[in-house]
Amino acid sequence: MADKPNILWICTDQQRWDTLGCYGNARVRSPNIDRLAREGVLFERAFSQSPVCTPSRASFLTGRYPRTTRTRQNGQDIPADEKLVSRLLADGGYTCGLSGKLHLSACHKSVAPDHERRIDDGYAIFHWSHHPGRPGNSWPTNEYDLWLREKGSRPYGTTPVEGSKFVSYGMDEADHQTTWCAQKAITFIEAHEASARPWMFSVNIFDPHHPFDPPREYLDRYLDDLDAIPLPEYVPGELDDKTRAQRIDHEGAYGGNAGFPYDAMTERDHRLVRAAYWAMCDLIDSQVGRMLDALERTGQRDNTIVIFMSDHGEMLGDHGIYLKGPYFYEEAIHVPLIVSGPGLARGARVAGMVELVDLAPTLLEAA
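Residues numbered from 1 in each chain as written. Predicted model: local features only at pLDDT ≥ 70, side-chain atom pairs only at ≥ 80, totals over all residues. Heavy atoms only, no water.

Draft legend 1. A negative patch on the surface, seen in detail. On the surface, a cluster of negative charge is made up of D172, E217, D220, D224, D225 and D227. Within the element layout of this structure, D172 appears in the loop between β6 (168-169) and α6 (177-191). (Patch = residues over 30% accessible without salt bridge, like charges linked within 9 Å, V, L, I, M, F, W, Y side chains within 5 Å. Areas by Shrake-Rupley, 256 points an atom, 1.4 Å probe, with all protein chains shown as cover. Salt bridge = Lys/Arg side-chain N within 4 Å of Asp/Glu carboxyl O. Lys, Arg positive; Asp, Glu negative; His and termini not counted. Charge placed at Lys NZ, Arg CZ, Asp CG, Glu CD. Helix = DSSP H or I, 4+ residues; strand = E, 2+ residues; numbered from the N terminus.)

Okay, structure coming up:
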């Protein structure tokens with residue numbers, strides 16, 4: 001084994017902890033991530049430092065809390081003097097690469113018309129795609145969109161599921177952004193098969209972030225038994241004494257800007273959204289399997305730390321709220337965290353609370 005392990009860091013977006021078989025969900029299909037848990041350590045109570053993307057990512061990439069990084073909400077830019085773990089690894093001899101989103105700075109076309117603003121982040125390879133390209137809301141430098149063009153595939157698009165305002169069929173698996181993120185990682189892994197230089201690759205998948213639009217073949221698995229999917233955990237009136245933000249998001253997620261008005265949704269709507277969300281997680285599992293296969297095929301599995309995690313959770317209708325917002329419900333901050341690699345126990349489960357802010361110093365110590 002080399003002195004410095006490689007690091008494959010897989011981070012999904014908005015995936016809560018109870019979306020995997022290894023966390024007790026008997027309805028989803030997650031054989032690859034379940035295998036990763038059997039080969040490593042599963043943290044049962046891992047929590048993010050924020051229920052939204054930018055402050056969470058700034059925290060676990062620096063090892064500092066959101067108030068310290070001065071990055072406390074989406075739409076903010078991380079200050080240029082913050083030091084990322086990817087920069088420190090690069091300074092220590094690692095080749096660092098990324099596919100997917102980074103989201104340490106504002107990612108609206110009005111403020112970032114060409115590309116997300118970057119600080120000195122240490123990534124030598126930067127395949128950036130903040131989200132799948134949506135008409136009127138994408139960038140000409142969105143590498144996922146460019147990949148679809150190069151393949152001759154149709155542009156990103158969705159088809160509403162019949163009778164639903166909230167769920168769509170998305171791109172086929174072969175043309176999905178999740179698949180693109182994984183393929184960039186696989187190409188990077190294969191390129192380092194004979195390299196003596198250690199590497200770290202961040203696979204920052206956009207899913208299962210809304211909109212809820214899995215490939216047809218993944219969603220259809222759930223539709224034959226849709227009534228078996230549980231409804232959200234919500235007691236009418238429980239938000240009466242909560243914050244104004246929670247009550248507003250009950251009427252429509254993101255302060256009404258993203259829809260999902262809880263009381264106007266039918267039981268079928270609620271079940272269908274959960275089915276689509278799970279289907280997106282199932283697709284992620286398939287692509288995790290491809291990346292693990294690439295490590296094994298190239299002889300790098302035994303010297304690679306593999307992390308599977310998410311930046312924060314998803315309310316999914318629990319407490320009468322969809323998506324996320326400024327509140328610390330468990331559904332919004334309890335995330336999966338599985339770590340496998342050289343010297344680590346196999347099949348261990350850690351019941352004590354851990355925080356994502358501890359990842360950066362842990363990786364530096366391992367390296």
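Draft legend 2. Inspection of the side chain of D285 at higher detail. Along the chain, D285 turns up in helix α9 (residues 267-297). In this structure, D285 is buried with no salt-bridge partner, the nearest side chain bearing the opposite charge being R221 at 7.8 Å. There is a polar contact of 2.9 Å between the side chain of D285 and the side chain of N32. Not counting residues within four places of it along the chain, the set of residues in contact with D285 comprises R29, S30, P31, N32 and I33. (Buried < 20%, exposed > 50% of the residue type's maximum accessible area, 1.4 Å probe, protein only. Polar contact = N/O pair within 3.5 Å; in protein donor to acceptor, adjacent residues only side chain to side chain. Contact = heavy atoms within 4.5 Å.)

Draft legend 3. A look at the packing of helix α5 (residues 143-151) against α6. Two elements in contact, α5 and α6, have axes separated by 10 Å at closest approach and are oriented at 90°. Judged by the angle between their axes, α5 and α6 are roughly perpendicular. Touching E143, Y144 and W147 of α5 are Q177, W180 and K184, all from α6. Classifying every residue of the contact of α5 with α6 gives three nonpolar, one polar and two charged. (Axes fitted to C-alpha atoms, helices over the stretch in contact; angles between N-to-C directions. Parallel < 35°, antiparallel > 145°, perpendicular 65-115°, else oblique. Nonpolar A, V, L, I, M, F, W, Y, C, P; charged D, E, K, R; others polar.)

Draft legend 4. Structural context of unusual backbone geometry. At the junction of D207 and P208, the peptide bond is cis and its omega measures out at 5° in the coordinates. Along the chain, P208 falls in the loop between β7 (199-204) and α7 (216-223). Even without glycine at this site, Q14 takes up a positive phi of about 75°. Mapping Q14 onto the fold places it in the loop between β1 (6-12) and α1 (31-38). For Q14, a relative accessible area of 0% corresponds to the buried category. For F260, which is not glycine, the phi torsion reads 60° and is therefore positive. Examined against the element boundaries, F260 turns out to sit in the loop between α8 (244-251) and α9.

Draft legend 5. Summary view of the packing of aromatic side chains. All chains considered together, the criterion is met by 15 aromatic pairs. On the numbers, 5.6 Å between centres and 85° between planes, the contact of F212 with F260 is edge-to-face. Residue F212 is found in the loop between β7 and α7, and its partner F260 is found in the loop between α8 and α9; the two are separated by 48 residues along the sequence. The pair formed by F212 and F260 is uniform in burial state, with each residue classed as buried. Plain terms: the ring middles of Y222 and W278 are 6.1 Å apart, the flat faces sit at 55° to each other, and that makes the pair tilted. With a gap of 56 residues between them, Y222 in helix α7 and W278 in helix α9 connect regions that are remote in the sequence. One exposure class covers both Y222 and W278, and it is buried. Each member of the aromatic cluster is reached from another via a ring pair, and the members are F166, F212, Y234, F260, Y262, Y277 and Y322. (Phe/Tyr/Trp six-rings, centres within 6.5 Å; stacked < 30°, edge-to-face > 60°.)

Draft legend 6. Geometry of the environment of Y123. You can see Y123 is positioned in the loop between β3 (95-100) and β4 (125-128). Overall, the relative accessible area of 7% leaves Y123 in the buried class. Distance from Y123 to N6, taken between C-alpha atoms, is 15 Å for residues 117 residues apart in sequence. Other than its neighbours up to four places away in sequence, Y123 contacts L61, S86, C96, G97, L98, L102, R118, M200 and S202.

Draft legend 7. Spatial organisation of the pattern of salt bridges. Applying the stated rule across the entire model yields 20 salt bridges. The closest approach of N and O atoms between R349 and E44, which form a salt bridge, is 2.9 Å. Taken together, the positions of R349 in strand β11 (residues 348-355) and E44 in strand β2 (residues 41-47) put the pair 305 residues apart, joining distant regions of the chain. For R349, a relative accessible area of 45% gives the class partly exposed. Relative accessible area serves as the criterion here: at 28%, E44 is assigned to the partly exposed category. For D175, the salt bridge is made with K151, and the minimal N-O distance between the two is 2.5 Å. Taken together, the residues D175 in the loop between β6 and α6 and K151 in helix α5 connect sequence positions 24 residues apart. Accessibility expressed as a relative area gives 15% for D175, which makes it buried. Here the salt bridges share partners, and the residues they tie into one network are R35, E39, D293, E296 and R301.

Draft legend 8. Spotlight on the side chain of S164. With respect to the helices and strands, S164 occurs in the loop between β5 (159-160) and β6. Of the residues examined, S164 reaches a relative accessible area of 11% and is grouped as buried. Side-chain polar atoms of S164 contact the backbone nitrogen of V167, separated by 3.1 Å.

Draft legend 9. Up close: α7. Every buried residue of α7 is accounted for by Y218, L219 and Y222. Viewed along the axis of α7, the buried residues span an arc of 90°, placing them on a single side of the element. Where α7 is buried, its residues touch β6 and α9. (Arc of directions from axis to C-beta.)

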